[in-house]
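# Breakdown of the fold
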Amino acid sequence: MAELHIIGQIVGASGFPQSSLFCKWGIHTGGAWRLLSGLKEGQTQVDLPQTGDTAYWSHPIDLHYTTKGLQGWPKLHLQVWHQDSFGRCQLYGYGYCHVPSSPGHHHVRCVTWRPLGSWQEQIAQTFVGGGPQLRSPDLVYSGADRYRLHTVAMGTVELELGIIMRHFDRYGVES
């Protein structure tokens with residue numbers, strides 16, 4: 001079977017309206033993929049930068065997959081959250097990106113967005129906090145339904161990923 005190693009880190013995030021951010025992440029794969037080692041989801045710590053607007057997490061990712069086919073190539077999905085001074089958490093953005101399909105070291109920028117909501121929800125969000133969230137986070141990486149959402153662009157999450165591929169040449173993939 002072909003093997004894929006994903007080794008790297010979620011470096012941090014920038015471009016969000018406020019600091020004090022943390023990130024929930026996960027990997028989504030097709031049915032032909034099997035996780036041999038590593039955690040397929042996790043959460044970073046909260047970072048409150050003293051200067052600038054970039055939150056640094058340096059959260060490690062270390063996964064080892066096997067597969068018999070290329071369908072369902074791994075996708076990384078992210079949720080960026082803001083924690084206020086009272087400890088309340090508010091969703092700041094969803095995002096996803098495909099894991100690079102070539103071996104080597106990659107710098108990946110994942111743009112994020114959040115649902116906009118009605119004008120009543122926007123006013124409530126300004127004064128009370130919170131805001132609309134997706135009922136099913138699967139909409140983040142499924143195609144058709146996502147395009148019907150009204151969204152607003154948020155910040156960017158930076159990742160550094162090292163990709164190691166083994167035995168993919170047996171399945172017609174040159175590396």
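Residues numbered from 1 in each chain as written. Predicted model: local features only at pLDDT ≥ 70, side-chain atom pairs only at ≥ 80, totals over all residues. Heavy atoms only, no water.

The name that an unreviewed UniProt entry assigns to the chain is B9 domain-containing protein 2, with the source organism given as Oncorhynchus mykiss.

### Details of the overall build of the chain
Selection rule: Every helix listed is a DSSP run of H or I at least four residues long, and every strand listed is a run of E at least two residues long, numbered separately from the N terminus. Buried, partly exposed and exposed residues are distinguished by accessible area as a fraction of the type maximum, computed with a 1.4 Å probe on protein chains only: under 20%, between the cut-offs, and over 50%, respectively. For this analysis, residues touch if any pair of their heavy atoms sits within 4.5 Å. All accessible areas in this document rest on Shrake-Rupley with a 1.4 Å probe, and a residue is counted as covered only by the protein chains that are shown.
Helix and strand counts for the chain come out as 2 helices and 9 strands. Along the chain direction, N to C, the helices and strands of the chain fall in the order β-β-β-β-β-β-β-β-α-α-β. Counting across all 175 residues of the chain, residues that qualify as buried make up 41%. Taking all contacts inside the chain whose residues are at least 6 apart in sequence as the whole, residues at least 24 apart take part in 76%. With an accessible surface of roughly 9900 Å², the chain has 51% of that area assigned to carbon and sulfur atoms.

### A closer look at unusual backbone geometry
Across the chain, the bulk of peptide bonds are trans and the bulk of non-glycine residues have phi less than zero. Phi angles above zero are rare outside glycine, and Ser20 is one such case at about 60 degrees. Its location among the elements puts Ser20 in the loop between strand 1 (2-14) and strand 2 (21-28). Residue Ser20 is classed as buried on the basis of its relative accessible area, which comes to 11%. Phi at Ser58 is positive, roughly 50 degrees, even though this residue is not glycine. Structurally, Ser58 can be placed in strand 5 (residues 55-67).

### Observations concerning the nonpolar core
Selection criterion: Working definition of a nonpolar core: buried Ala, Val, Leu, Ile, Met, Phe, Trp, Tyr and Cys residues. They are joined through side-chain atoms within 4.5 Å.
Counting residues in hydrophobic clusters, the biggest one holds 32 residues, and the most contacted among them are Leu4, Ile6, Trp57, Val157 and Leu159. Mapped onto this core, the elements with two or more residues apiece are strand 1, strand 2, strand 5, strand 6 (75-83), strand 7 (89-98), strand 8 (104-115) and strand 9 (151-166). In this structure Leu4 touches Trp33, Leu63, His64, Tyr65, Trp73, Pro74, Ile163, Ile164, Met165 and Phe168, once residues within four positions along its chain are discounted. Among the nonpolar cores identified, the runner-up in size contains 5 residues, and Phe22, Leu91, Tyr94 and Trp113 belong to it.

### Observations regarding the environment of Tyr171
Looking at the element boundaries, Tyr171 is found in the segment after strand 9. The class of Tyr171 is partly exposed, set by a relative accessible area of 37%. Beyond its immediate stretch of four places on either side in the chain, Tyr171 contacts Met1, Ala2, Thr67 and Lys68.

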